[in-house]
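Structural features, examined
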Amino acid sequence: MSENVERPMFLQNAWYVAGFGSEIGTGEMRPIRILDCAILLLRRTDGSLAALVDRCPHRFAPLSLGHFDGVQVTCGYHGLGFDGNGACSQNPHGPTAGLKVQAWPVREHDGLIWVWPGEADAAEAVEPPRFAMLDEATAHVNHGYLHGRADYRLMIDNILDLSHIEFLHPALGTPEVRKAKIEVTTDGDVITVSRAMNGETLSEGLAHVYGAAGQKVDRTLTVAFNAPSNLVLTVRIEREQGRTGSQSLHLFTPETATSTHYFYTSSMWREDATREQFDAFAGALTRVFLNEDKPMIDAQQERIGNREIGELKPALLKIDKGAVLARRKLEQMIAREAEEHA
Amino acid sequence: MSENVERPMFLQNAWYVAGFGSEIGTGEMRPIRILDCAILLLRRTDGSLAALVDRCPHRFAPLSLGHFDGVQVTCGYHGLGFDGNGACSQNPHGPTAGLKVQAWPVREHDGLIWVWPGEADAAEAVEPPRFAMLDEATAHVNHGYLHGRADYRLMIDNILDLSHIEFLHPALGTPEVRKAKIEVTTDGDVITVSRAMNGETLSEGLAHVYGAAGQKVDRTLTVAFNAPSNLVLTVRIEREQGRTGSQSLHLFTPETATSTHYFYTSSMWREDATREQFDAFAGALTRVFLNEDKPMIDAQQERIGNREIGELKPALLKIDKGAVLARRKLEQMIAREAEEHA
Amino acid sequence: MSENVERPMFLQNAWYVAGFGSEIGTGEMRPIRILDCAILLLRRTDGSLAALVDRCPHRFAPLSLGHFDGVQVTCGYHGLGFDGNGACSQNPHGPTAGLKVQAWPVREHDGLIWVWPGEADAAEAVEPPRFAMLDEATAHVNHGYLHGRADYRLMIDNILDLSHIEFLHPALGTPEVRKAKIEVTTDGDVITVSRAMNGETLSEGLAHVYGAAGQKVDRTLTVAFNAPSNLVLTVRIEREQGRTGSQSLHLFTPETATSTHYFYTSSMWREDATREQFDAFAGALTRVFLNEDKPMIDAQQERIGNREIGELKPALLKIDKGAVLARRKLEQMIAREAEEHA
Ligand code: FES
Ligand code: FES
Ligand code: FES
């Protein structure tokens, strides 16, 4: 569990993405900081994954400086060995009883590795979200990673905010985007923001991606937020040949209070796009975030510093509705969790 | 107003130099941190300057990452626009009422840009100081900027202290400097330190600057301190052909508690020096400060750390009189200001 | 005396190594931070050493930015001069009475410079340890320095811990090492850890160093800890031609709470080894520490952060006995010292 206890800003009992499965081969280790805890991901010989706190219980050497044989990770300092459940499987200096390292529940689905920083028991009742459009049999799929120098909540705000398109991404703005209203709806725990453009002439790049050159289309952007920090952005295009579209996942995992692992994917159904069209889509997504969103969000964080954004009394605009609802939802869940453990 | 409230070390209601006017062209923006506030200087189409807090009131993006059209600065994130008074002049998402960004009073005189971090109303009653020797019609004028890694008060101490010449600047020391007494006088709010050398043979470099090769001269150095942080150093030379001299301004603007913007100028009357003589003077001034004063002051700050110098109980010497009086004056003004706002 | 008063983690009244005598020539100065104090070592014209707090009592300029003439160090800012006892020997601006800089007792023996951060009077009653094997007449001697990014106590733990050899230094592990028990004994204030290997076939490198190629030998490693932070590691080899061996000193001086000056020496009796054999020994020692121990200890510190290791509740193994006893001894001495000054 995270050591940040001063002011809980993380939901502990939740699944967070810790990486893409394809990036950890059998017998490999990979350290990553999550919710301010140093964690070590391990791919065992049988292909299964484990996640251990990356700190030997003896003298606190990082286990990631030791050796992993596919079953046991051996501390490089005095040779204590631990299995993927964190149980001590080797002590060259005495009994193993009472020696253990904390293990986090792990799941792997659709190419995503998920970990659960909270109570292991509680993880049994909840599965990480699944995403049909990550199935490479039917969809083109791409994924990427960026390191955000910002509170994960600023990064959620950014994706939930469909109002910044024409300002931060001028190349993506059209007269129809400017005219389109933003709708926010809540359905159970899911908060959805959408913006529908009618009779829009897409930019040359987008027209190519969606096979709609020389046409006017109807385009709908929909972002669905699932606490704590998973967002699905769906683009639906209605054009002369019928419907097409794309989907991108924006999966945020807090690294520290002011930095975030940003795992993202982009997908298009194979029947909707050639590989070349899809690659153009996926490349643009990365470029726009890297060059336009990320510098803005990192700069926001710099101005906010170590304060909570609320302390600075931000001016609220109508366009903030989705982000405000998402932050409120998160805050309630974190407060409830804190109460249950008080 | 500065956000540093723990222990007030800055006078808020005062003019501070924020830059040289020639360095901001029409339609240009320039961010600078002053008294621990991020500020954005703007040169409007009509040539006038404005200073806004560089933080959008909406989600705290730096306005400096947006666009300035010569009248309005538009936030790059969601398009709020503000004029030079900080009033919201554009909100693509709703009404502008209630939206504003703090503006600091600005003045521009003699090539210097001044800003006022305190209450805007109070600025009306006070004008920034004027300097006749910054008039390029009658004087050669040069200016420069250095970033000090030290509390602005250590930098004031340094300029007010005419006793360090022969120790820190051996090339400037002469037997006459060593013999000359240091006088300190107070006239209203101005504290003046002076040192008069009689029958001095100047170093070769200085003799050239002042047209006094092969002569003995009388030389007087006078530094006048005006709170909070403006110093005028005047050199008067009496030589066979009559009086000559030079003047330099040392204008300190706190950036943070331990760093300082150091704006300086050097001047000689055109009738007293050729451009070549003046350039030799101005170049030496920069060189000496950069290579001799600045390393010493930065190192002082390192030894003092985050403490107030008084906590360390410095040994007081007679030569500190000017600096002690200046610090006392400043402290009184800061305390009075704090009281008035308590 | 150290300025770290929050939680005393340093013993003040003790000798600490500040350098190797050969590295400071006559008339030379050398700044070093010890127990979080900036200290200036001076080698006077008469060859004797002095240690002054490296901060002028006037305006806190580092004295190390001034000049040293072999007798007096002159502050580079306003010319105050101090002798090696810290007494003011020159004030160009007034009387010297009442001006002084703190001087630390210094000793120089066997090529090592020792300083005493605590009360100068108390130093009179205690001499720094002496080491016969630093005498170049009878021994080959080498010395080195490494900067540890760790609490000095983690570095003591490491040397006192003879159990990590086969894990952290696989090239040094043999089947006999694995079998050998670790013994811990306490004799007065000295804590000794030893490990005896019988009938061991040394690695090729060690066999060459100890002239025991093609033999089985008995090897004993013994580490003796003397508070606060001096360790002597003795290797004794019994081989066909008789006894041989080596000795290394591991002398730790806290720089800050989380960094350490590590001075080490290695020695072999001249009658036991050629220079070439000795150089092979000394080179291996540095290589192993630099490449294997240091990265592990620095990483330990990173995981422990600013906390005391005890707060994290380390799992105790039998092999920790020596380190635990040494830490307890140190803690008692520090607590007693703190009480005496309360
Ligand atoms: S630190 Fe891991 S076994 Fe000792
Ligand atoms: S942050 Fe400036 S308009 Fe939203
Ligand atoms: S600071 Fe050393 S003499 Fe002034």
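With an RMSD of 0.0 Å, chain B superimposes on chain C once it is rotated by 120 degrees and translated 0.1 Å along the axis. Given the turn and translation reported, the copies of this chain are related as if by a three-fold rotation axis. Rotation axis and chain B: the residue whose C-alpha lies nearest the axis is Asn306(B), separated from it by 11 Å.

This part covers the pattern of salt bridges. Within this structure, the stated rule accounts for 52 salt bridges over all chains. With a shortest N-O distance of 3.1 Å, Asp279(A) and Arg275(A) are connected by a salt bridge. With a gap of four residues between them, Asp279(A) and Arg275(A) both fall in helix H6 (residues 275–304), about one helical turn apart. When the shortest N-O distance is used, the salt bridge between Arg43(B) and Glu108(B) registers 2.7 Å. With Arg43(B) in strand E3 (residues 37–43) and Glu108(B) in strand E10 (residues 106–109), this residue pair connects regions lying 65 residues apart in the sequence. Linked through salt bridges whose partners overlap, the residues forming this network are Arg59(A), Asp157(C) and Arg327(C).

Turning to the interface of chain A and chain C, a few remarks are in order. Contact residues are listed per partner, giving 22 residues for chain A and 25 residues for chain C. Counting the surface lost from both chain A and chain C, the interface buries some 2100 Å², and carbon and sulfur atoms represent 62% of this. Contact with chain C buries area across many residues of chain A, yet Arg59(A), Phe60(A) and Tyr77(A) alone supply 38% of it, more than any other trio. Summed over the shared surface of chain A and chain C, the number is two salt bridges. A salt bridge links Asp54(A) to Arg303(C); its shortest N-O distance comes to 2.8 Å.

All names here are of chain A. Overall, antiparallel pairing links the three strands, which are arranged E1-E11-E10 in an open sheet. Single-partner strands in this sheet number two, and they are strand E1 (16–20) and strand E10 (106–109). Each neighbouring strand pair of the sheet contributes to a mean axis angle of 30 degrees, computed without reference to strand direction. Strand direction decides the pairing type here: E10 and strand E11 (residues 112–115), joined by four bridges, are antiparallel. Note that in E11 the partner of Glu108 across the bridge is Ile113.

Moving on, we come to the domain arrangement of chain A. Residues and elements named next belong to chain A. By domain assignment, chain A separates into domain 1 (16–123) and domain 2 (132–340). Its C-alpha centre places domain 1 at a distance of 33 Å from the equivalent point of domain 2. Between domain 1 and domain 2, the contact holds 15 residues from the first and 17 residues from the second. Regarding the contact of domain 1 and domain 2, the summed buried area is about 1200 Å², with carbon and sulfur atoms giving 71% of it.

Along the polypeptide, Asp320(B) turns up in the loop between helix H6 (275–304) and helix H7 (321–340). In this structure, Asp320(B) is buried with no salt-bridge partner, the nearest side chain bearing the opposite charge being Arg59(C) at 4.8 Å. At a separation of 2.7 Å, a polar atom in the side chain of Asp320(B) contacts the side chain of His58(C). What Asp320(B) contacts, discounting residues up to four positions off in sequence, is Ala315(B), His58(C) and Arg59(C).

Moving on: the interface of chain B and chain C. At the interface, 25 residues of chain B touch 22 residues of chain C. Together, the buried faces of chain B and chain C total about 2100 Å²; carbon and sulfur atoms form 62% of this surface. Looking at the side of chain B facing chain C, the largest losses of area belong to Phe167(B), Met296(B) and Arg303(B), adding up to 35% of the total buried there. The tally of links between chain B and chain C comes to two salt bridges.

Core analysis: the biggest nonpolar cluster contains 311 residues, and Tyr210(A), Leu41(B), Tyr210(B), Phe82(C) and Tyr210(C) have the highest contact counts within it. Apart from the residues lying within four places of it in its own chain, the contact partners of Tyr210(A) are Leu202(A), Val235(A), Ile237(A), Arg239(A), Thr244(A), Gly245(A), Ser246(A), Met268(A) and Phe281(A).

A few words on the environment of Thr253(C). Residue and element names in this part refer to chain C. Its place among the elements puts Thr253 in strand E17 (residues 242–256). On the basis of relative accessibility, which here comes to 0%, the residue Thr253 falls in the buried class. Along the sequence, Thr253 and Leu40 sit 213 residues apart, while their C-alpha atoms lie 15 Å from each other. Ignoring sequence-local partners within four residues, the contact set of Thr253 consists of Tyr16, Val17, Ile34, Thr260, His261 and Phe263.

About the thresholds
Residues numbered from 1 in each chain as written. Chains lettered and ligands numbered in written order. Predicted model: local features only at pLDDT ≥ 70, side-chain atom pairs only at ≥ 80, totals over all residues. Heavy atoms only, no water. Least-squares fit on C-alpha atoms with pLDDT ≥ 70 in both. Salt bridge = Lys/Arg side-chain N within 4 Å of Asp/Glu carboxyl O. Helix = DSSP H or I, 4+ residues; strand = E, 2+ residues; numbered from the N terminus. Contact = heavy atoms within 4.5 Å. Buried area = accessible area lost by both parts, 1.4 Å probe. Pairing = 2+ DSSP bridges. Axes fitted to C-alpha atoms, helices over the stretch in contact; angles between N-to-C directions. Domains from an automatic or database assignment. Buried < 20%, exposed > 50% of the residue type's maximum accessible area, 1.4 Å probe, protein only. Lys, Arg positive; Asp, Glu negative; His and termini not counted. Polar contact = N/O pair within 3.5 Å; in protein donor to acceptor, adjacent residues only side chain to side chain. Core = buried A, V, L, I, M, F, W, Y, C linked by side-chain atoms within 4.5 Å.

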